[in-house]
Amino acid sequence: MVDLVHSRFEVREGIGWFSFDRPKELNALNPKVFEDIATAVEHCEADPDVRALVLTGNRRAFAAGADIKHMASGDIHLAAELTRKSNSAQQVLSELSKPSIAAIAGYALGCGCELALCCDFRIAAENAVFGLPEIKLGIIPGGGGTQRLPRLIGLGAAVNMILSGDTINAQQALQTGLVHDVVPMDRLEEEAEKLAVRLSRRPVTALNAAKTATYAGTNMSLPDGLKLEWSLLCMLFGTEDQSEGMTAFIEKRQPNFTGR
Ligand code: COA
């Protein structure tokens, strides 16, 4: 089992469940939590039995941002150390070869929102609140918010959130494309699990290729992105899962993917 400090992690039927666990602080994120995330994600990457990851909090908060009490009297060195930890957690999460889902109830603010942006899917409970309120603290988002949010929801909507620091609710997040789905609170875990199970049945090498082509492609010119897509597609024709997927279609049966 993975040993964590301010979080919980368990694997249930091929799905890794990571939960923030600082309820009194609304799951505010400190360096230890970022280490917890990196540890859990690395475990998911290394364990072939884990096919998908779900990140979640509690009913009141996914995570209300970086721990302001930890930062309040900090200097440039503390900021550098904190962002180094948060960036490495975000890097392993955003580069995870398997699908990741943020299941968000309550506050997803600042770095909490930014961590959700590192996941492939975001499902929100009806009470979810999203925001990058850093500007109200005299700083700016430091966990990729100024970069990932505009790429996801467009410049106009992102600038509105980043410069105003104002929050948006779950329905507004759905309208802007920040989240994929809004569900009643009592169904949040169930819906995240359903999605994780559905994704975990997909062929892993093709999933990884799809993630690489899509995410890396957004940072490339169109010709370079098309070349990357082409080379990944050709590579997949060397996998048993490609043969199985197409044979299963022709034989009118469900494919049995093995990850080879
Ligand atoms: N860092 C440290 N502690 C935090 C926190 C954060 N980001 N967010 C909440 N907490 C703590 C509060 O200090 C409070 O602790 P206390 O009881 O010891 O005073 C506890 O969590 C509950 O928060 P509280 O503010 O009383 O709850 P609320 O329901 O009135 O408001 C929020 C909830 C999320 C709107 C409010 O806590 C808030 O604005 N938090 C900061 C969000 C933020 O700026 N995040 C970006 C940080 S870079």
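Given the structure is predicted, the values throughout are model-derived calculations rather than measurements.

Engineer: Could you clarify how one ought to interpret the domain arrangement of the chain in this entry?
Structural biologist: Often, the extent of an interface is quoted as the loss of accessible area on bringing the components together. Taken domain by domain, the chain holds domain 1 (7-200) and domain 2 (204-250). Computed from C-alpha atoms alone, the centre-to-centre distance between domain 1 and domain 2 is 27 Å. Contact with domain 1, which involves 10 residues of that partner, is made by six residues of domain 2. Interface of domain 1 and domain 2: buried area, both sides summed, is about 610 Å²; carbon and sulfur atoms make up 42% of it. Taken together, the links from domain 1 to domain 2 amount to one salt bridge. Notably, a salt bridge pairs Lys-211 with Asp-120, separated by 2.7 Å at the nearest N-O pair. Remark: the boundary between domain 1 and domain 2 carries five residue pairs in polar contact (both at pLDDT 80 or more). A class-by-class count of the residues in the side of domain 1 that touches domain 2 yields four nonpolar, two polar and four charged.

Engineer: Explain the sheet that holds strand β3 (residues 52-56) to me, please; I cannot follow it from the model alone.
Structural biologist: Hydrogen bonds along the backbone pair up the strands of a sheet, which may run parallel or antiparallel. One open sheet accounts for six strands, arranged β1-β2-β3-β5-β7-β10; its pairing is mixed. Looking along the sheet, the strands with just one partner apiece sit at the ends: β1 (7-12) and β10 (181-183). Across the sheet, the axes of successive neighbouring strands diverge by a mean angle of 20°, strand direction being ignored. Where strand β5 (residues 100-104) lies against strand β7 (residues 121-125), four bridges are found, and the strand directions are parallel. Across the sheet, the residue bridging to Ile-104 is Ala-124, located in β7.

Engineer: Is there a simple way to explain the packing of helix α5 (residues 145-153) against helix α6 (residues 155-164) in this structure?
Structural biologist: The packing of two helices is summarised by the inter-axis angle and the distance between the axes. Where α5 meets α6, the axes come as close as 7 Å, and the angle between the chain directions of the two elements is 140°. The orientation of α5 relative to α6 falls into the category oblique. As α5 packs across α6, the resulting crossing turns out to be right-handed. Taking contact as the criterion, the partners of Gly-145, Thr-146, Leu-149, Pro-150 and Ile-153 in α5 are, on α6, Leu-155, Ala-157, Ala-158, Met-161 and Ile-162. Residues of the contact of α5 with α6, tallied by class, amount to eight nonpolar, two polar and no charged.

Engineer: Looking at this structure, I do not really get the sheet that holds strand β8 (residues 129-131). What am I missing?
Structural biologist: Ordered by their spatial adjacency, four strands build an open sheet running β4-β6-β8-β9, and the pairing between neighbours is mixed. Of all strands in the sheet, those with a lone pairing partner are β4 (61-63) and β9 (168-169), marking the two edges.

Engineer: In this structure, what is going on with the nonpolar core? I would like to understand it.
Structural biologist: Grouped together as the largest cluster of nonpolar side chains are 47 residues, with contacts concentrated most on Phe-20 and Phe-130. Take this core: its biggest share by element is six residues, from helix α1 (residues 31-46). Beyond its immediate stretch of four places on either side in the chain, Phe-20 contacts His-6, Ser-7, Asn-27, Leu-29, Val-33, Ile-37, Leu-55, Thr-56, Gly-57, Phe-62, Ala-63 and Leu-115. Residues Ala-52, Ala-105, Leu-195 and Leu-199 belong to the second largest nonpolar core, which totals 15 residues.

Engineer: Just checking my understanding: could you explain the site of the ligand for this structure?
Structural biologist: Surrounding the ligand, one finds 17 residues, the nearest of these being Arg-60, Ala-64, Ala-66, Ile-68 and Lys-69. Take Arg-60: an N or O atom from its side chain is 2.9 Å from an oxygen atom of the ligand. Contact with the protein chains covers 60% of the free accessible surface of the ligand, which is 860 Å². No other element matches helix α2 (residues 68-71), which puts three residues into the shell around the ligand. A breakdown of the residues in the shell around the ligand according to their chemical character gives 10 nonpolar, one polar and six charged.

Engineer: Help me out: how do you make sense of helix α3 (residues 76-94) in this one?
Structural biologist: Helical geometry: 3.6 residues make up each α-helical turn, so side chains three or four residues apart lie on a common side. Across its 19 residues, α3 extends 26 Å between first and last C-alpha, which sits within 8% of the 27 Å expected from 1.5 Å per residue. Where α3 is buried, its residues touch α1, β3, α2, β5, α4 (111-117) and α5.

The rules behind the values
Residues numbered from 1 in each chain as written. Predicted model: local features only at pLDDT ≥ 70, side-chain atom pairs only at ≥ 80, totals over all residues. Heavy atoms only, no water. Domains from an automatic or database assignment. Contact = heavy atoms within 4.5 Å. Buried area = accessible area lost by both parts, 1.4 Å probe. Salt bridge = Lys/Arg side-chain N within 4 Å of Asp/Glu carboxyl O. Polar contact = N/O pair within 3.5 Å; in protein donor to acceptor, adjacent residues only side chain to side chain. Nonpolar A, V, L, I, M, F, W, Y, C, P; charged D, E, K, R; others polar. Pairing = 2+ DSSP bridges. Helix = DSSP H or I, 4+ residues; strand = E, 2+ residues; numbered from the N terminus. Axes fitted to C-alpha atoms, helices over the stretch in contact; angles between N-to-C directions. Parallel < 35°, antiparallel > 145°, perpendicular 65-115°, else oblique. Left-handed = near helix turned anticlockwise from the far one by under 90°. Core = buried A, V, L, I, M, F, W, Y, C linked by side-chain atoms within 4.5 Å. Buried < 20%, exposed > 50% of the residue type's maximum accessible area, 1.4 Å probe, protein only. Near = heavy atom within 4 Å. Areas by Shrake-Rupley, 256 points an atom, 1.4 Å probe, with all protein chains shown as cover. Expected span 1.5 Å × (residues − 1).

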